[in-house]
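The primary structure of each chain is shown beneath.
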Amino acid sequence: MSERQVVILAGGKGTRMNSEHPKVLAPVLDRPMIEHVLDAVYKVNLGRRPVVVVGYKGNLVRNQVRERADHVWQQNQFGTGHALACTQEHLNNFVGSILVLYGDHPLISHKTIENLFELHHSERSVLTMMTTEVEDFDDWRQTFYNFGRILRNGDNSIQAIREMKDCLENEKQVKELNPGYYCFNSDWLWQNIDKIKNENKQQEYYLTDLVEMAVQQNKTINSIKIHPIECLGINTPDHLELVEKLIRERTS
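Okay, so let's go over this structure.

Brief notes about the packing of aromatic side chains
Geometrically, a pair of aromatic rings is defined through the distance of the ring centres and the angle of the planes.
So, step 1. Tallied over the full model, the rule gives five aromatic pairs.
So, step 2. Relative to Tyr181, the ring of Tyr102 has its centre 6.0 Å away and its plane inclined at 40 degrees; by these criteria the two rings are tilted. Here Tyr102, found in strand E6 (residues 97-102), pairs with Tyr181, found in the loop between strand E10 (176-178) and strand E11 (182-185); they are 79 residues apart in sequence, far enough to count as distant.
So, step 3. We classify Tyr102 as buried; its relative accessible area is 11%.
So, step 4. The buried category is assigned to Tyr181, whose relative accessible area is 0%.
So, step 5. When the centroid spacing of 6.1 Å and the interplanar angle of 70 degrees are considered together, the rings of Trp140 and Phe144 count as edge-to-face.
So, step 6. Through successive ring pairs, a cluster of aromatic residues spans Trp140, Phe144 and Phe147.

With respect to the state of the cysteines
So, step 1. Following the criterion strictly, the structure yields zero disulfides and no others.
So, step 2. Not engaged in a disulfide, the cysteine Cys167 finds its nearest cysteine sulfur in Cys231; these two sulfurs lie 17 Å apart.
So, step 3. For Cys167, a relative accessible area of 9% translates into the label buried.
So, step 4. For the unlinked cysteine Cys183, the closest cysteine sulfur is that of Cys231, found at 16 Å.

Some remarks on the environment of Gln191
So, step 1. Secondary-structure assignment places Gln191 in helix H5 (residues 186-192).
So, step 2. With a relative accessible area of 56%, Gln191 lands in the exposed category.
So, step 3. For the pair formed by Gln191 and Asn45, sequence separation is 146 residues and the distance between their alpha carbons is 27 Å.

Some details on the pattern of salt bridges
So, step 1. Taken as a whole and assessed by the stated rule, the structure comprises 15 salt bridges.
So, step 2. Across the salt bridge formed by Glu3 and Arg48, the nearest N and O atoms sit 2.8 Å from each other. Within this pair, whereas Glu3 is found in the segment before strand E1 (4-10), its partner Arg48 is found in the loop between helix H1 (33-42) and strand E4 (51-54), the two being separated by 45 residues in sequence.
So, step 3. For Glu3, a relative accessible area of 41% puts it in the partly exposed group.
So, step 4. A salt bridge links Lys172 to Glu169, with the nearest nitrogen and oxygen atoms 3.1 Å apart.
So, step 5. Among the residues examined, Glu169 registers a relative accessible area of 55% and is labelled exposed.
So, step 6. Here the salt bridges share partners, and the residues they tie into one network are Arg31, Glu35, Asp39 and Arg68.

Comments concerning the layout of surface pockets
So, step 1. Empty space within the largest pocket amounts to approximately 1,500 Å³.
So, step 2. Taken together, 42 residues make up the lining of the largest pocket; nearest its centre are Thr80, Tyr102, Asp104, Tyr206 and Asn235.
So, step 3. Here the lining of the largest pocket is built from residues that sort into 16 nonpolar, 19 polar and seven charged.
So, step 4. For the second largest pocket, the calculated volume is near 440 Å³.

Quick look at the side chain of Glu176
So, step 1. By secondary structure assignment, the location of Glu176 is in strand E10.
So, step 2. Within polar-contact distance, the side chain of Glu176 engages the side chain of Arg152 at 2.8 Å.

So, H1
So, step 1. For H1, the buried fraction is high: eight of the 10 residues fall into the buried class.
So, step 2. Those residues of H1 lying buried are Met33, Ile34, Glu35, His36, Val37, Leu38, Ala40 and Val41.

What to know about the environment of Lys57
So, step 1. With respect to the helices, strands and loops of the structure, Lys57 is situated in the loop between E4 and helix H2 (58-65).
So, step 2. Its relative accessible area of 38% is what places Lys57 among the partly exposed residues.
So, step 3. A sequence separation of 45 residues divides Lys57 from Gly12, and the C-alpha atoms of the two residues are 9.0 Å apart.
So, step 4. Leave out the neighbours within four places in its chain, and Lys57 touches Glu20 and Pro22.
So, step 5. Reaching out from Lys57, the side chain makes a polar contact with the backbone oxygen of Glu20 at a distance of 3.0 Å.

Re unusual backbone geometry
So, step 1. In this structure, Lys57 is a non-glycine residue whose phi angle is positive, near 45 degrees.
So, step 2. Phi angles above zero are rare outside glycine, and Asp139 is one such case at about 55 degrees.
So, step 3. Counting through the fold element by element, Asp139 comes out in the loop between strand E7 (127-133) and strand E8 (148-152).
So, step 4. Since its relative accessible area comes to 54%, Asp139 is described here as exposed.

Thresholds, definitions, all that
- Residues numbered from 1 in each chain as written.
- Predicted model: local features only at pLDDT ≥ 70, side-chain atom pairs only at ≥ 80, totals over all residues.
- Heavy atoms only, no water.
- Phe/Tyr/Trp six-rings, centres within 6.5 Å; stacked < 30°, edge-to-face > 60°.
- Helix = DSSP H or I, 4+ residues; strand = E, 2+ residues; numbered from the N terminus.
- Buried < 20%, exposed > 50% of the residue type's maximum accessible area, 1.4 Å probe, protein only.
- Disulfide = S-S within 2.5 Å.
- Salt bridge = Lys/Arg side-chain N within 4 Å of Asp/Glu carboxyl O.
- 1 Å grid on protein atoms, 1.4 Å probe; cavity = no way out; pocket = protein on both sides within 12 Å on 5 of 7 lines; lining within 4 Å.
- Points joined across faces, edges and corners; volume = space filled by probe spheres on them.
- Nonpolar A, V, L, I, M, F, W, Y, C, P; charged D, E, K, R; others polar.
- Polar contact = N/O pair within 3.5 Å; in protein donor to acceptor, adjacent residues only side chain to side chain.
- Contact = heavy atoms within 4.5 Å.

Geometric descriptors of this kind do not, in isolation, establish any biological role.
This is the structure we're talking about:
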């Protein structure tokens, strides 16, 4: 079995949560949401502690997580690509598969994590990702409208991820979406992550650029489709209420 590592991005403030605390410490059913993510990770046989990237009031996150994870600092929050790049020195001696998760996505399951690792290993990909699909953007699914669209070629291979704000009208109708969960070959990742540019309105570095690089390098990007519920992130109190409701329904 290939060596496996999980990186959990948890450096954001979460301004829309109306709280001065780090977003990943907001309680979901009386437990900080990052603990739900760690629970899923610990049901997977990694053989090592996951890495949590901390930033805004990071000591509070470190004090919560303690020995359940190693910690890497992202002193300035310059996007998901920058957050992952901050782990390069810490993971310098690691060779294998690196899977990226988010501390504010508490509904990810250990089975999904395991399945992504297994597909990535069996196909020997440089990049394997999860996608999800919705029937529409109504009801609780309206939160997915702003997700990036998965664009595929005629042979069904992934061609690009188009951010919603950049989509043509027909592309906005695409229902296969990008939740942002990726598994990378470590060698390929570190050879390419410094090539990410911040040429966007937010001037941030995004992991989605690595998908474009893999396509340009004629690398096959494998994917596995997961249930939309596992892709829900928490950005607002309304999102938090929705996630708690869905967890109760799932466990009842």
